[in-house]
Amino acid sequence: ETANEDNVIHISIPSDLAIVRTWLEYYPNTSKHRPQTTPLFTEIHVSDKGRYLQGIIRLFGNIYSAGNKFEDPFWHDILLWMAGRPNFENDLKRREKSTLEVLKAVLSGSTTPIDSNSPQLNKVAEELARRLTLRDIESVVLTKNNIKDHFGGLRGKILNKDPKNGWWNANEKFDCLKEQELQSLLETKVFLQGLELSCPHCGTRQWYVVDDLGSEMRCNACLFHFPLPPDPSWSFRLNSLVRNALRKYGTLAVLHTLYELQRDSSSEMFLYLPCQDIFKAGGNAPFTDLDIMVIKKGKFIIGEVKSDPGGFKHSDFEKLRDVAIELLPDEILLAAPGDNWPDDVLTEIKNLTDELKQVDVT
């Protein structure tokens, strides 16, 4: 309330977390599907995946800018390449090939059948652990010419497989728009600019960010100083936050899901929390993590996101059921890139759908 003579109106805007916490504390307790009892889950905190997601969104500015950049087929490919994250199917085949080679070598000396109860199984596991080395592909440093050349090479490769591809037919070359987008990636620090230098004393090659350059450089290996070369070749490296998020945490699938949810909500209200660890009362370890926690068009939505449809396990559905019955969201969302969902996962989804109908959760 204000009087006519008041010159200042004080407005308190709650944080996104405060809004969600209010919903969790109040709405389920008033629902017809659950009598007012002591809450089973009492704490939520941003998970490691959520921190990386938050970091990426802040670098790009917002969900739309981040999602839009990864939706661009060229920058999507460049960003994953620079992060050292190969195509999922190709990487799986690489790992399968290495595992098969080691298994053949280990089993070639065995004359008796091996099953899950065989005493030789421990020996097989030991040999696999000794011989199997599956190293991640290193992150990539690119020059501007590398990036421009990659555009032409990737375009040719895609159109060779799909001559009617609309995006690549409409984008014929690395034009001024792509130049502006590259500049934007540098300005937002998604790309870092610098030099790869070789120490004249010990030969160690190392990449230095532009902010660390001076007329005289120090080698981080032998600690000797050497002069900066007169004609350096600039190159770009991916921000380590983005690199780690893309390589380790499945952040890209969550980002894409949020991007689609926000884009679908149009001008309606859209509020999200980054991925959250959820704790039972008195528990020190998370009961589970929720990749999606969104209020969209007045509906509360929680969900799980995987980088591959085959990544959903029975335990994921059990935990989602327990959380849904307690928190009573309007909707549960399961998301993953790709159209081929395994039959056992589809069966789990159907079973969960049938169970949650009883509490009006879709």
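A. Quick peek at the overall build of the chain. In terms of helices and strands, the chain carries 13 helices and 12 strands. For 362 residues, the compact-globule formula gives about 21 Å, and the C-alpha radius of gyration of the chain, at 26 Å, lies well above that figure. Overall, the C-alpha framework of the chain stretches about 85 × 75 × 50 Å when taken along its three principal axes. Contacts spanning at least 24 positions in sequence make up 68% of the contacts within the chain whose residues lie at least 6 apart.

B. Quick look at the pairing of strand β2 (residues 191-198). Bridging between β2 and strand β6 (residues 234-238) involves 5 bridges; their strand directions are antiparallel. Bridge pairing in β6 places Gln-193 opposite Phe-236. Remark: 6 residues form the turn of the hairpin made by β2 and strand β3 (residues 205-209), two consecutive strands paired antiparallel; Gly-203 in that turn has positive phi of roughly 85°.

C. Fine view of the packing of aromatic side chains. In the structure shown here, the tally under the stated rule is 14 aromatic pairs. Seen in terms of ring centroids, Trp-167 and Trp-168 are 4.7 Å apart; in terms of plane orientation they differ by 75°. Their pairing is edge-to-face. Judged by its relative accessible area of 2%, Trp-168 falls in the buried class. Consider the rings of Phe-191 and Phe-236, whose centres lie 6.5 Å apart with planes at 20°: the pair is stacked. Placement of the pair is Phe-191 in strand β2 and Phe-236 in strand β6, with a sequence separation of 45 residues.

D. Representation of the packing of helix α2 (residues 48-60) against helix α10 (residues 240-248) in the model. Closest axis-to-axis distance for the α2/α10 pair is 9 Å, and the angle between their directions is 135°. By the angle between their directions, the pair α2 and α10 is classed as oblique. Viewed along their axes, α2 and α10 form a crossing whose handedness is left-handed. Residues Tyr-52, Gly-55, Ile-56 and Leu-59 of α2 lie in contact with α10, whose contacting residues are Leu-241, Val-242, Asn-244 and Ala-245.

E. Quick look at a nonpolar patch on the surface. Taken together, the side chains of Ile-9, Ile-11 and Ile-13 present a nonpolar region at the surface, about 400 Å² in accessible area. With respect to the helices and strands, the residue Ile-9 is situated in the segment before α1 (16-30). Since its relative accessible area comes to 59%, Ile-9 is described here as exposed.

F. Structural view of the pattern of salt bridges. Enumeration according to the criterion identifies 16 salt bridges in this entry. Its salt-bridge partner being Lys-296, residue Asp-264 comes within 2.6 Å of it at the nearest N-O pair. Pair noted here: Asp-264 is in helix α11 (residues 251-265) and Lys-296 is in strand β10 (residues 292-296), with a separation of 32 residues, a long-range link. For Lys-296, a relative accessible area of 11% gives the class buried. Between Asp-316 and Lys-306 there is a salt bridge, with its nearest N and O atoms 3.5 Å apart. Remark: Lys-306 occurs in the loop between β11 (299-305) and α12 (314-327) and Asp-316 occurs in helix α12; sequence separation between them is 10 residues.

G. Spatial organisation of the side chain of His-150. For His-150, the position within the fold is in helix α7 (residues 144-161). Those residues in contact with His-150 that sit more than four places away from it in its chain are Phe-74, Asp-77, Ile-78 and Trp-81.

H. Main features of the environment of Ile-78. You can see Ile-78 is positioned in helix α4 (residues 73-83). Residue classification places Ile-78 among the buried positions, given a relative accessible area of 0%. As a C-alpha pair, Ile-78 and Ile-147 span 69 residues in sequence and 7.7 Å in three-dimensional space. Sequence-distant contacts of Ile-78, defined by excluding residues within four places in its chain, comprise Leu-142, Ile-147, His-150 and Phe-191.

I. Structural context of α10. Every buried residue of α10 is listed here: Val-242, Arg-243, Asn-244, Ala-245 and Leu-246. With a side-chain oxygen lying 2.8 Å from the backbone nitrogen of Leu-241, the N-terminal cap of α10 falls on Asn-239.

J. Fine view of the sheet that holds β2. Taken in spatial order, the 3 strands line up as β3-β2-β6 in an open sheet, and their pairing is antiparallel. In this open sheet, the two edge strands, each paired with only one partner strand, are β3 and β6. When the angles between neighbouring strand axes are averaged without regard to direction, this sheet yields 45°. The strands that helix α9 (residues 176-187) touches are β2 and β6; relative to β2, the one it contacts most, it runs at about 80°.

K. Just the nonpolar core, in detail. Counting residues in hydrophobic clusters, the biggest one holds 48 residues, and the most contacted among them are Trp-75, Ile-147 and Phe-191. Listed in part, the 29 residues of the second largest apolar core include Leu-273, Leu-320, Val-345 and Val-361.

L. Spotlight on the sheet that holds β11. The strand order β7-β10-β11-β12 describes an open sheet built from 4 strands, whose pairing is mixed. Each edge of the sheet is formed by a strand with only one pairing partner; in this case those strands are β7 (270-273) and β12 (331-335). Each strand of the sheet is rotated relative to its neighbour by a mean of 25°, with strand direction disregarded. Bridge count for β10 against β11 is 5 bridges, and the pairing is antiparallel. Bridge pairing in β11 links Lys-296 to Lys-299.

Calculation notes
- Residues numbered from 1 in each chain as written.
- Predicted model: local features only at pLDDT ≥ 70, side-chain atom pairs only at ≥ 80, totals over all residues.
- Heavy atoms only, no water.
- Helix = DSSP H or I, 4+ residues; strand = E, 2+ residues; numbered from the N terminus.
- Rg over C-alpha atoms; globule rule 2.2 N^0.38 Å.
- Contact = heavy atoms within 4.5 Å.
- Pairing = 2+ DSSP bridges.
- Phe/Tyr/Trp six-rings, centres within 6.5 Å; stacked < 30°, edge-to-face > 60°.
- Buried < 20%, exposed > 50% of the residue type's maximum accessible area, 1.4 Å probe, protein only.
- Axes fitted to C-alpha atoms, helices over the stretch in contact; angles between N-to-C directions.
- Parallel < 35°, antiparallel > 145°, perpendicular 65-115°, else oblique.
- Left-handed = near helix turned anticlockwise from the far one by under 90°.
- Patch = residues over 30% accessible without salt bridge, like charges linked within 9 Å, V, L, I, M, F, W, Y side chains within 5 Å.
- Areas by Shrake-Rupley, 256 points an atom, 1.4 Å probe, with all protein chains shown as cover.
- Salt bridge = Lys/Arg side-chain N within 4 Å of Asp/Glu carboxyl O.
- Polar contact = N/O pair within 3.5 Å; in protein donor to acceptor, adjacent residues only side chain to side chain.
- Core = buried A, V, L, I, M, F, W, Y, C linked by side-chain atoms within 4.5 Å.

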